[in-house]
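# Topology and contacts: notes
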Amino acid sequence: MKHDETLRIGVYVCHCGTNIAGVLDVEALAHFAEGLPHVALARHYKYMCSDPGQELVKRDILEYNLNRIVVAACSPNLHEPTFRRAAEDAGLNRFLVQMANIREQVAWVTDDSTEAFTKAQAHLAAAIRRVAGHEALERQFVQIQPRAMVVGGGIAGIEAALTLAEAGKDVILVEREPTIGGHMAMFDKTFPTLDCAACILTPKMTAVKLHPFIKLLTYSTVESVEGSVGNYRVKVRRKPRYIDESLCVGCMMCIDGCVFTQAKFPNPFDQGLGKRKPVWIPFPQAVPPVPVVDPEVCLQIARGKCKQGCVTACGERNAFRFDQEEQIEEYTVGTIIVATGFKAFDPSVIPYYGYGRYPNVYTSLEVERLLNAGGPTAGKLTLRDGSTPKRVGIVHCVGSRDANFHPYCSRVCCMYSLKLAHLVKEKTGAEVFNCYIDVRAPGKSFEEFFNRVQDEGTQFIRGKVADITPANGDGAEGGGLIMNVDDTLLGTIRKIPVDMVILAVALEPQADASDVRRAFGISCSAEGFFLEKHPKLAPVNTANDGVFLAGACQGAKDIPDTVAQADAAAAKALALMDAGQIELEPNTAWVDEEMCSGCQTCISLCPFKAIRHDAERKIAVIDPALCKGCGTCVAACPSGAAKQHIFGDEQISEELEGLMNYV
Amino acid sequence: MSTAMDRQGVELLERLGKSGEGKSPQGCMQCGLCAASCPLGYAMEFPPRKLILQAESGNLEKVLASPSLWMCIGCYTCSLRCPRDIELTDGLWPALRDQSLQAGIQPPAELQETFQNLFKYGNNLGKSPRQRLDWAKDLDVRVLDLSKEPRPVDVLWLVGCYPSYYPRNQVVTRAFARILTELGVTWGVLGAKEKAVGECERMFGEEGLFETLVEENRKLLDKCEFQTLLTLDPHAFRALQKFYPQHGAWYPVKHYTTFLHERMEQLKPLVLKPVKATVTYHDNCCVGRRCESFDPPRELLGLIPGVELVEMERNRENSLCCGGGGGGMWLDAHIVAHGGHRLSDERIRQAAATGADTLAVSCPYELSRFEDAAKVTSLEGKLRVRDIIELLAESMDLGERNVS
Amino acid sequence: MSETKKGKLALYWAASCGGCEIAVLAINEKILDVAALFDIVFWPVAVDAKVRDVEKMPDASIDVCLFNGGIRTSEQEYMAQLLRRKSKVLVAFGSCAHEGCIPGLANGNNRRQIFDTAYRETPSTENPENIEPQPKSQVAEGTLHLPVFYNTVRTLNQTVPVDYYLPGCPPEADRIWDAITAIVEAKLPPPGSVIGADTTVCQECPRKRNEKKIKKFYRTWEIIPDEETCLLEQGILCCGIATRAGCGARCPGVNSPCIGCYGANEGAQDFGARLMTALASVIDSDDPQEIDRIIREGIPDPVGSFYRFSLAASQLRRRRLPV
Amino acid sequence: MSETPNAQADSAPEGDSPIFSAQKSGQSSEYKPRVAAFLCNWCSYTASDLAGTARIHYSPNVRIIRVMCSGRVDPTFVLKSFALGADGVLIAGCHPGDCHYIDQNYKTMRRYTMLRYFVEQMGIEPDRLRLVWASAAEGQYLADSITGFVEDLKKLGPLNWKANWEENGERAKALEDIVHEHAEAMEVQP
């Protein structure tokens, strides 16, 4: 161990009332400590964490010139900050303090007082040897840029961006589709109030567009994230629209002017049910109201040869830019809100429901588009042949609560199935059969809505549909379908003929959720949704400081919950940005430049990307602002060049020697 | 009021939950997917979800005595669709049947007969073991009887009961012997020593009988040196692949469709003779739905020049069972008597609806079941039922030489 | 050392192959400079001087002793103690004295096992009477003595205090000359130092390096390595990442992995542990079974792979002796 | 340049202060295994605190070292623990997928696997090294794991690595003999 004559260690053994003193002879323990090298004084006291206890430490530091402090008491997770602060108050560097945990890990876990005493001796000696090797460190703070990035422009991202912008913060909102609005923009009405989705969403979308503090980047994706809380450097990939956003006024004349007289390509916004031209806009109220050109099918771009009716129609605005290219832009932000939303489950993997095989089996999202006045049928609910269904079946829990697909409950399907039942009935007068396992309607006014739909005459059949088969055996267009279901309340198996089946599909993580997870340095829970820091106490934080979650990317949830969570995430981000700075971990790793040979073993080991290889100097460099202090690189460094504050090789080795010599 | 029987049901379910086969039946949420998926669920007094509900509610006695206990034909549809991942087919049904037999409740008479046959003769058909190799009489390829001439072989072929004894199946058996020889593998059979694998017995709930068979077969098989254990019967395959290892008997077993599929390259130059037929393939439940082997049999058929493949509405994992599994082979009368129907009749109509002239199968039970069904549904002569082996053999010119 | 008076130099060869003795000569004509600067008072391999001459010398009368080889027998231990007493500066010269080196690998066995192998079991051995060397044997002329053969090889500093260490198997001629120059010019680092670089072989290695992710370890004969990329990244167990620089990365330079003869870098407590932790950390799998397979198949001999030169100096020092 | 490893002459790798070595517990008939336990701050150390708060008793033979992450556990520490006299070494971290530092515990898993092969070759039963995943809520589980580990170590018996190192035949006598032999050869009295 370090033989440094200037070392003067003060040792304090806490009684913790009778918690420690009842099991351990604290006086003997203090006496034992007195005999150890470099110990200038050792005391025992009733409650070290009390004000007089702390005062004792402060006074001793000044009076006896102590330059290291060991407190044998409870877990460092409880009172390490307390004693660090006390030392600092007395002018001693706060990191020259070490605790020996003799309460939680000694006094409370054994009745054998002899063994307990030996163990306490070992832990105390270990702390004394360890603290001798401690170094004075400066507290490090990092400034937080007062600018936020919101990733995802659905209702969660929109709400978060607006809240932040209204608080006066600059916001960069990134959306990968040509318009913001997300899934909510596709819906017709929202449960349980039956507000028109567009009526409540589009004003918010416009507000985003008009807000002076919000920079809107649509048709863009996050390419990479570097840096750490306070200073994230985000690269954004901007896909070419082939139309200059700043020149376009959204008159849509180009779409009329396109040489394709008929819209013939499936419109993804309409779930492929509607058609679009090579130059198109997802829906009339899109924000920004700028069309986008599909380079795959645009004759000018794909073949280099077209009469360019669109350009002619655009006229003197001259907004078309066929030579536009993908661009990478970099933004530095202090905080990030991830609001990348969900993906609707694709039921074609369930063979017995015949989705994709029988034309009149639809997903709920497809039906939303059919019901939407802005949708492909202008709000008319029809079968593929254009006729109106007379009997409609709605299958709950498709892909949810199913060990074969997603074991979790998607939370919103029951309610949107009730809503669809109501809308179908309202628009077509059809008979509606909702086949459910349980109706889960635990929200505000949800049960009342359920009652209302029941009163309207929708039939509720308790049972999971087993098969959907064509009534006439060939499943041809216009042919009826049979839902085969065990009515578990009736106790009989029923075959229910319907014209249309709506599959209430699950909400699942986005297909690229794991890429997004890696980019932002956050985790996914078992089902693939992003993992919050704590399910109850930190529901919008992530393990990565400064990155917050909002909306269905964290788990299936409905619009009210999404909006609430978005505001919570915005508030958390605001709190951080308004504080202006955040304290860094003291136990960061660093590289001894002389010793590093640039072997690059450590680079890939850091999940926070804190280590980079300096190609010029051929060494590894650790960014202290990014380092979280796990010490994995230190343990892995083959040359011993990677070192760590507080948890260095020397400190841990000394602790080990202290422990092992007292068995 | 609580009786000993009350608790028995719950205890049985608890035991099943801990057996490691699927999730605990106590997690059943009574969604009814099993009942409505079951091709005979409509006729059952207690389809799977009700079995669980009743057993849990202290009515095990009722369940054990119900005729519906003997109506599951082991098609695995409910097991695979169950959203709570409960192993109904291989777990719940056999356990309840076992309990029923232990409670001294008589199973349907037909079953008792097959039990006795198996006991006496080692096969369900009640045939003499000495006749096991009758199919190979005057065969133009040599059949090595490993029980008489032990030596290491590539393939130990467990011929199976139906393929050994049943005249219609013997045609297939002989064809397969020729194909094996043509492929140049060394192969042998167990001859008169061979016994049933016992899959049906396990499904019947005759766990004790099954264990005896495992022991006996293990003694036989352990003496032989082979690379692959081959079966024509998908049920035997399933038992050897899944249940034998649970009793410590593990063998590298393959169903013939997989075995031949692995040798597609070798087969390609041999299947030369066009077989003019529109063929629809019926997925058997064990190799198909349960083991998700859907493409190999289709690819084998696709090799044969002249064959046009058409699909039935219900195919692959959604295929309808022939009704012969899980003891169904002997239970048609019982099933029909209690409100059910012969699934083979329904299935062959589905096959005919495709316009095919040939129904291809890959399970020994199906030949006889579907040929009977063709008669009943007046499809005889319009729809031929043939094993994939027969079609391959015809194209390889290895078909029956003296078939009239 | 005063510039007028010649210094006194001793060299000794304990448990080692003798390569270090040759290495001294590899400084070529500079050996003449050494002869000009020093009187060689003891060098059994080259100079006729007896142990008793050394025993008679006053303590601390030798200026520098270059001691190569580990301590395997009682005689070597005696000589180490003797030369320590007689020398002002004791240098552990070469890997054997420094970390035990190849002789130290025998710490994977004990005396009994080594004797069984050497005097009984090897196919080329013919020893029907099972004759083994004995510490004492009576012959007509009297008693013959052989030193006692220990169970364990020790490094020099595990036997006597050492002033400096010159690593390598053998030390590179340039480094030897550097050390001699330092001694002559009295520019020695603080006692206890290793005379050499503070970094590892990668620093000197010209190969292209990248982030490391290893899916499979190859033995050298299993793969023809790319000539330009880091050998370790290709799955070849190259010890360069953990091995002290100073050799000029000779082995990787000729497409052969570093085997670690220069030992651990400054401050590292255990060479093999450094190597183990680095290699294990970059295994590209999170599946316990796959990790197990990668290690089991790729590194069949962990002790030999990680401690070829440093087993005696490691934390554990030797294999557990049979109880 | 700093001190080189093992620089002290022939002090086996135990502590250097006489006070420390003087404190060894006396001879006891019952074998009490010594366990060095490395616990990660976020999950397993918190679990051990929880075990304390819940007054869950477990074997007192364990000596706990707090590290921020199980990924900090350098194999050197493990080997050093054995060399210092530990009969077993326990490493505990967050469950895979729950690491506070995202996925560093996988690196622990890899090193652990590597170490087991290594110590086995060195004649140390690999079961003397144990890896446990314990979340912050698993105080009982961690306590049970420690007690279970100590029980298993009792079955394995003492490791006593230092004795293993010190054993070297009749070393002292051999050295003495050499002096006599040399004296004999030189015809002088030693």
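Per chain, residue numbering runs from 1 following the sequence as it is written. Each chain takes a letter, starting from A, and each ligand takes a number, starting from 1, following the order in which they are written. In view of the model being predicted, local features appear only for residues whose pLDDT reaches at least 70, and side-chain atom pairs are presented and counted only at 80 or more, with totals across whole chains, interfaces and linings using the full set of residues. With hydrogens and water stripped out, all remaining heavy atoms of the structure feed into the side-chain values.

Below, the discussion takes up the overall build of chain B. Runs of H or I in DSSP of at least four residues are treated as helices and runs of E of at least two as strands, each being numbered from the N terminus. From N to C terminus, chain B includes 20 helices and nine strands. Our radius of gyration looks at C-alpha atoms and nothing else; its globule reference is 2.2 Å times the residue count to the power 0.38. A compact globule built from 404 residues should have a C-alpha radius of gyration of about 22 Å, and chain B, at 21 Å, falls within 12% of that. In terms of its C-alpha atoms, chain B occupies a principal-axis envelope of roughly 70 × 50 × 35 Å. Summary of the burial criterion: residues with accessible area below 20% of their type's maximum are buried, those above 50% are exposed, and those between are partly exposed, where the area comes from a 1.4 Å probe applied to protein chains only. Across the 404 residues of chain B, 61% fall into the buried class. In chain B, the proportion of contacts linking residues at least 24 apart, taken out of those at least 6 apart, comes to 79%. The centroid of the 48 positive side-chain charges in chain B is displaced by 1 Å from the centroid of its 54 negative side-chain charges. Note on definitions: a residue-residue contact is assigned when non-hydrogen atoms from the two residues lie within 4.5 Å. Under the counting rule used here, the positive set is Lys and Arg, the negative set is Asp and Glu, and His together with the chain ends is not counted. Here the site of a charge means NZ on Lys, CZ on Arg, CG on Asp, or CD on Glu.

We now examine the nonpolar core. With 110 residues, the main nonpolar core has Leu279(C), Phe306(C), Leu316(C), Phe38(D), Leu79(D) and Phe118(D) as its most contacted residues. If near-sequence neighbours (up to four positions away) are discounted, Phe306(C) is found in contact with Leu237(C), Phe271(C), Gly272(C), Leu275(C), Met276(C), Leu279(C), Ile299(C) and Met114(D). The nonpolar core is taken to be a set of buried Ala, Val, Leu, Ile, Met, Phe, Trp, Tyr and Cys residues, with the residues joined through side-chain atoms within 4.5 Å. One finds Val171(A), Ile214(A), Val297(A) and Cys314(A) within the second-largest nonpolar core, a separate group that totals 87 residues.

A word on the domain arrangement of chain B. Residue and element names in this part refer to chain B. Here the domain parsing of chain B yields domain 1 (4–102), domain 2 (109–261) and domain 3 (264–395). Computed from C-alpha coordinates alone, the two centres of domain 2 and domain 3 are separated by 22 Å. Tallying the contact residues gives 32 residues for domain 2 and 37 residues for domain 3. The quantity reported as buried area is the accessible area (1.4 Å probe) lost by two parts once they are put together, taken as the sum for both. Here domain 2 meets domain 3 over a buried area of about 3100 Å², counting both sides, of which 71% is carbon and sulfur. It is Tyr162, Arg168 and His261 in domain 2 that bury the most area against domain 3; as a group they hold 20% of the surface buried on that side. Each salt bridge in this description consists of a side-chain nitrogen of Lys or Arg and a carboxyl oxygen of Asp or Glu lying within 4 Å of one another. A salt bridge links Arg168 to Glu390, with the nearest nitrogen and oxygen atoms 3.0 Å apart. Within 3.5 Å is the distance limit for a polar contact, defined as a pair of N or O atoms, with the added protein rule that one can donate a hydrogen and the other accept it, and that residues adjacent in sequence qualify only through two side-chain atoms. Counting the contacts that link domain 2 with domain 3 gives eleven residue pairs in polar contact (both at pLDDT 80 or more). Contributing elements (two or more residues each) for the side of domain 2 that touches domain 3: α7 (109–121), α8 (161–165), α9 (167–182), α10 (199–204), α12 (234–243) and α13 (256–261). For every domain, the bounds stem from an assignment made automatically or drawn from a database.

This part covers the interface of chain D and chain C. When the parts of a complex come together, some accessible area is lost, and that lost area is often taken as the interface size. With 56 residues of chain D at the interface, the matching set in chain C holds 68 residues. When the two sides are added together, the surface that chain D and chain C hide from each other amounts to roughly 5600 Å², 58% of it contributed by carbon and sulfur. Our enumeration of links across chain D and chain C arrives at four salt bridges. A salt bridge links Arg320(C) to Glu125(D); its shortest N-O distance comes to 3.0 Å. Taken together, chain D and chain C are joined by 23 residue pairs in polar contact (both at pLDDT 80 or more). Secondary structure elements with two or more residues in the side of chain D that touches chain C: α3 (75–83), α4 (104–121), α6 (161–166) and α7 (171–186) of chain D. When residues in the side of chain D that touches chain C are grouped by element, the largest group, twelve residues, is from α4(D).

All names here are of chain A. We treat two strands as partners when DSSP finds at least two bridges between them. Within the open sheet, the three strands sit side by side as β24-β25-β26. Their pairing is antiparallel. Each end of this open sheet is capped by a strand with a single partner; those strands are β24 (465–470) and β26 (492–498). The sheet shows a mean angle of 20° between the axes of neighbouring strands, direction not considered. Across five bridges, the pairing between β24 and strand β25 (residues 481–487) is antiparallel. The residue bridging Asp467 from the neighbouring strand is Asn484, located in β25. Interaxial angles span 0 to 180 degrees and are taken between N-to-C directions of axes, which are lines fitted to C-alpha atoms, for helices over the stretch in contact.

Here we take up the packing of helix α10 (residues 271–281) of chain C against α4(D). Close contact between α10(C) and α4(D) brings their axes to 8 Å; oriented N to C, the two are set at 135°. What the angle tells us is that α10(C) and α4(D) run oblique. In this structure, α10(C) meets α4(D) at a crossing whose hand is right-handed. Counting all contacts with α10(C), which are made through Met276(C), Thr277(C), Leu279(C), Ala280(C) and Ser281(C), the residues of α4(D) involved are Lys107(D), Arg110(D), Arg111(D), Met114(D), Leu115(D) and Phe118(D). Angles are sorted into four bins: roughly parallel if under 35 degrees, roughly antiparallel if over 145, roughly perpendicular if 65 to 115, and oblique for all others. It is the rotation of the near helix from the far one that decides the hand of a crossing: anticlockwise by less than a right angle makes it left-handed, clockwise makes it right-handed.

Further remarks concern the pattern of salt bridges. Scanning the entire structure with this criterion turns up 97 salt bridges over all chains. Salt-bridge contacts for Arg276(A) lead to Asp294(A); the nearest nitrogen and oxygen are separated by 2.8 Å. Of this pair, Arg276(A) sits in strand β14 (residues 275–276) while Asp294(A) sits in the loop between β16 (292–293) and α9 (299–303), placing them 18 residues apart in sequence. In this structure, Asp140(B) engages Arg178(B) in a salt bridge whose closest nitrogen and oxygen atoms are separated by 3.0 Å. Of this pair, Asp140(B) sits in the loop between α7 and β1 (144–145) while Arg178(B) sits in helix α9; the two residues are 38 residues apart in sequence, bridging distant segments of the chain. On the accessibility criterion, Asp140(B) (43% relative accessible area) is partly exposed. A relative accessible area of 5% places Arg178(B) in the buried class.

Turning our eyes to something else, we now look at the arrangement of the chains. Among the four pairs of chains that make contact, the interface with the largest number of contacts is formed by chains C and D. Without any contact between them, chain B and chain C keep their closest C-alpha atoms 21 Å apart.

Next up on the list: the pairing of strand β21 (residues 391–398) of chain A. Two faces make up the sheet, and in a regular strand the side chains alternate between them. All names here are of chain A. The buried count for β21 comes to seven of eight residues, which makes it a mostly enclosed element. Alignment of β21 against strand β22 (residues 431–436), held across five bridges, turns out to be parallel. Among the inter-strand pairings, Val392 is bridged to a residue of β22, identified as Val432. Handedness rule for crossovers: strands pointing away from the viewer, path from the first strand over the helix to the second running clockwise, crossover right-handed. Regarding topology, helix α12 (residues 413–428) serves as the crossover connection from β21 to the parallel β22, and that connection is right-handed.

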